[in-house]
Amino acid sequence: MMTNSKIDKFDTVIARHNSGSTKWDDAPALFGSKDVLPFWVADMDFPSPPAVNEALAARVQHGVFGYPSPHSYAYDAVTDWLDKRHNWKTNPEWMVSTPGVVTAITLAVQTFTKPGDKVIIQPPVYPPFFSSVHNQDRIVLENPLVYEDGNYYIDFDDLAEKAREAKMLILCNPHNPVGRVWSRSELTKLVKICLENNVLLLTDEIHGDLVYTGHQYIPLASLDTDSDDKIITLTAPSKTFNTAGLYTSIAIIPNSKLRSQFSQTVQQLGISKSNVFGITALEAAYRHGAPWLDELLVYLEDNAQYLTEYIAANIPSIKVDKPQGTYLAWLDCRNLKLSQQELVQFFAKKARVGLNDGVTFGHQGTGFMRLNFGCPRPLLAEGLKRIAQAVNQSI
Ligand SMILES: Cc1ncc(COP(=O)(O)O)c(C=O)c1O
């Protein structure tokens, strides 16, 4: 399957047990078995690019870890990355540092909406999209994606209805868990509806670098739609370069009034200073990580291909389509005819693999499970073998 010897390095399995890893060390308690192989929370089982690890090592070597200064050099690195890689011209002045994208979603909802306001999300979708709204006494308005012929689409008629009563829309571009990379025409239509209804767009683009052959990530705010004043983009190097534990992300807000409102919330909460290691890793990743990322994308796409072919050949009762982006596969397990509770138990106890319960992404995820294939092929192969054996034994 794999054709490029340069990417063989991603085959190496690095033990992550007892490394303080959520994915590995929390799995036995979460899934009720010591023997479970984890394919759940969205980090990868690969080391970060050598350039990142070397920059971190050099920073450790320096040995002094006082408060970092404003991060203009890091914002320049983000600006250059977005320009070169995604053809989006940004300005370092538009950037606000945040300690993670989930935190930034909560901050944006807090800053730009009031209790009782309605916020549109597009389930099935990343669970914190729900909680960041609910937890702050705002109201979730669902604009569910439509599932047709193995793919997901935006229901624009429904969106146009919901937009009339909403203050904000939270977009996931590319989309977790369904793996859609939204096209230019889809994004243009979505922006038009939001602008017509004065709906602020908050777009989570953390998966933007992870896109496969034939698809292109288009930053929402790079569209030529006169919508700069209405878009807040959240991004981070953490999915791309596997640095989630460093909690460093960036909000990009071209409109100065919105930016200063957002910055005020960040200041009031006392979280405006970044972590020195997070900033070091961010800069090294965006400055020097492109060749590594190109190799990673080949490996991940091979994993996606392997997974879809394996499931089609060996577990036909599960349906899965190759995602357009992200390292997440969205498994349609409805033909197994199990209740959601039975499905979750089946994967944890019978197959001994730790996947995300589809229902945590909204009720539209009933009968689905999410599998993270950001891991060495031998681990993926073992996980798929376990699932195939469990399914075939229970038929
Ligand atoms: C769409 C999306 N946003 C945000 C995050 C998490 O971001 P952070 O770790 O920066 O809070 C994830 C992680 O899976 C994600 O899929």
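As named in an unreviewed UniProt entry, the protein chain is cysteine-S-conjugate beta-lyase, taken from Sporomusa silvacetica DSM 10669. Reading the Cofactor (unreviewed entry) entry of the UniProt record for the protein chain gives the comment "pyridoxal 5'-phosphate".

(A) How the structure looks around the sheet that holds strand β2 (residues 95-98). Taken in spatial order, the seven strands line up as β2-β10-β9-β8-β7-β3-β4 in an open sheet, and their pairing is mixed. On the outer flanks of this sheet lie β2 and β4 (139-142), each paired with one strand and no other. Taking each pair of neighbouring strands and ignoring which way they run, the sheet shows an average axis angle of 25°. Summarising the sheet, β2 and strand β10 (residues 249-252) pair through four bridges and their orientation is antiparallel. Looking at β10, one finds that Met 95 is bridged to Ile 252. Sheet strands touched by helix α8 (residues 184-196): β7 (168-172) and β8 (200-204). Its angle to β7, the strand with the most contacts, is close to 170°.

(B) Inspection of the pattern of salt bridges at higher detail. Inspection of the entire model under this criterion finds 20 salt bridges. Here Asp 43 and Arg 16 are joined by a salt bridge, their closest N and O atoms 2.9 Å apart. Of the two residues, Asp 43 is situated in the loop between β1 (37-38) and α3 (50-62) and Arg 16 in the segment before α1 (22-25); the sequence distance between them amounts to 27 residues. Comparing Asp 43 with Arg 16 shows no difference in burial state: the two are buried. Its salt-bridge partner being Lys 23, residue Asp 43 comes within 3.7 Å of it at the nearest N-O pair. Here Lys 23 lies in helix α1 and Asp 43 lies in the loop between β1 and α3, a separation of 20 residues in the sequence. Each of the two residues, Asp 43 as well as Lys 23, counts as buried. Through salt bridges with shared partners, one network takes in Asp 35, Arg 352, Glu 382, Lys 385 and Arg 386.

(C) Geometry of the layout of surface pockets. Approximately 1100 Å³ is the volume attributed to the largest pocket. What lines the largest pocket is a set of 47 residues, and nearest its centre among them are Ala 42, Asp 43, Thr 243, Ala 244 and Gly 245. Contributing elements (two or more residues each) for the lining of the largest pocket: α3 and α5 (101-112).

(D) View of the site of the ligand. Taken together, the neighbourhood of the ligand is formed by Ala 42, Gly 100, Val 101, Val 102, Tyr 126, Cys 172, Asn 176, Asp 204, Ile 206, His 207 and Lys 239. Val 102 places a main-chain nitrogen or oxygen 3.0 Å from an oxygen atom of the ligand. Protein burial of the ligand: of its 400 Å² of free accessible surface, 92% is covered by the chains. Spatially, the ligand is embedded in the largest pocket. Grouping the amino acids of the shell around the ligand by side-chain chemistry returns six nonpolar, three polar and two charged.

(E) Focus on empty space enclosed by the protein. Scanning the entire structure with this criterion turns up one cavity of 30 Å³ or more. Here the largest cavity defines a volume of roughly 50 Å³. Trp 81, Leu 82, His 86, Glu 205, Ile 206, Gly 208, Asp 209, Tyr 217, Thr 235 and Tyr 286 together form the lining of the largest cavity. Sort the elements by how many residues they give to the lining of the largest cavity and helix α4 (residues 72-86) lands first, with three residues. Of the residues in the lining of the largest cavity, the class split is five nonpolar, three polar and two charged.

(F) Representation of unusual backbone geometry in the model. Pro 123 connects to Pro 124 through a cis peptide bond whose omega is 5°. Summarising the element assignment, Pro 124 is placed in the loop between β3 (118-121) and α6 (128-134). In this structure, Pro 174 follows Asn 173 across a cis peptide bond, with omega equal to -5°. Among the secondary structure elements, Pro 174 is positioned in the loop between β7 and α8. Even without glycine at this site, Asp 149 takes up a positive phi of about 50°.

(G) Summary view of the domain arrangement of the protein chain. Along its sequence, the protein chain is organised into domain 1 (5-49 + 290-394) and domain 2 (65-288). Each of domain 1 and domain 2 has a C-alpha centre, and these two points are 25 Å apart. Tallying the contact residues gives 34 residues for domain 1 and 36 residues for domain 2. Interface area lost by domain 1 to domain 2 is led by Gln 324, Thr 326 and Phe 361, which between them contribute 26%. Counting across the domain 1 and domain 2 interface gives 18 residue pairs in polar contact (both at pLDDT 80 or more). Here the side of domain 1 that touches domain 2 takes nine residues from helix α11 (residues 290-314), the largest share from any one element.

Cut-offs applied
- Residues numbered from 1 in each chain as written.
- Predicted model: local features only at pLDDT ≥ 70, side-chain atom pairs only at ≥ 80, totals over all residues.
- Heavy atoms only, no water.
- UniProt positions renumbered as here; feature names shortened; annotations may be inferred.
- Pairing = 2+ DSSP bridges.
- Helix = DSSP H or I, 4+ residues; strand = E, 2+ residues; numbered from the N terminus.
- Axes fitted to C-alpha atoms, helices over the stretch in contact; angles between N-to-C directions.
- Contact = heavy atoms within 4.5 Å.
- Salt bridge = Lys/Arg side-chain N within 4 Å of Asp/Glu carboxyl O.
- Buried < 20%, exposed > 50% of the residue type's maximum accessible area, 1.4 Å probe, protein only.
- 1 Å grid on protein atoms, 1.4 Å probe; cavity = no way out; pocket = protein on both sides within 12 Å on 5 of 7 lines; lining within 4 Å.
- Points joined across faces, edges and corners; volume = space filled by probe spheres on them.
- Near = heavy atom within 4 Å.
- Polar contact = N/O pair within 3.5 Å; in protein donor to acceptor, adjacent residues only side chain to side chain.
- Areas by Shrake-Rupley, 256 points an atom, 1.4 Å probe, with all protein chains shown as cover.
- Sits in = over half its atoms within 2 Å of the grid points.
- Nonpolar A, V, L, I, M, F, W, Y, C, P; charged D, E, K, R; others polar.
- Domains from an automatic or database assignment.
- Buried area = accessible area lost by both parts, 1.4 Å probe.

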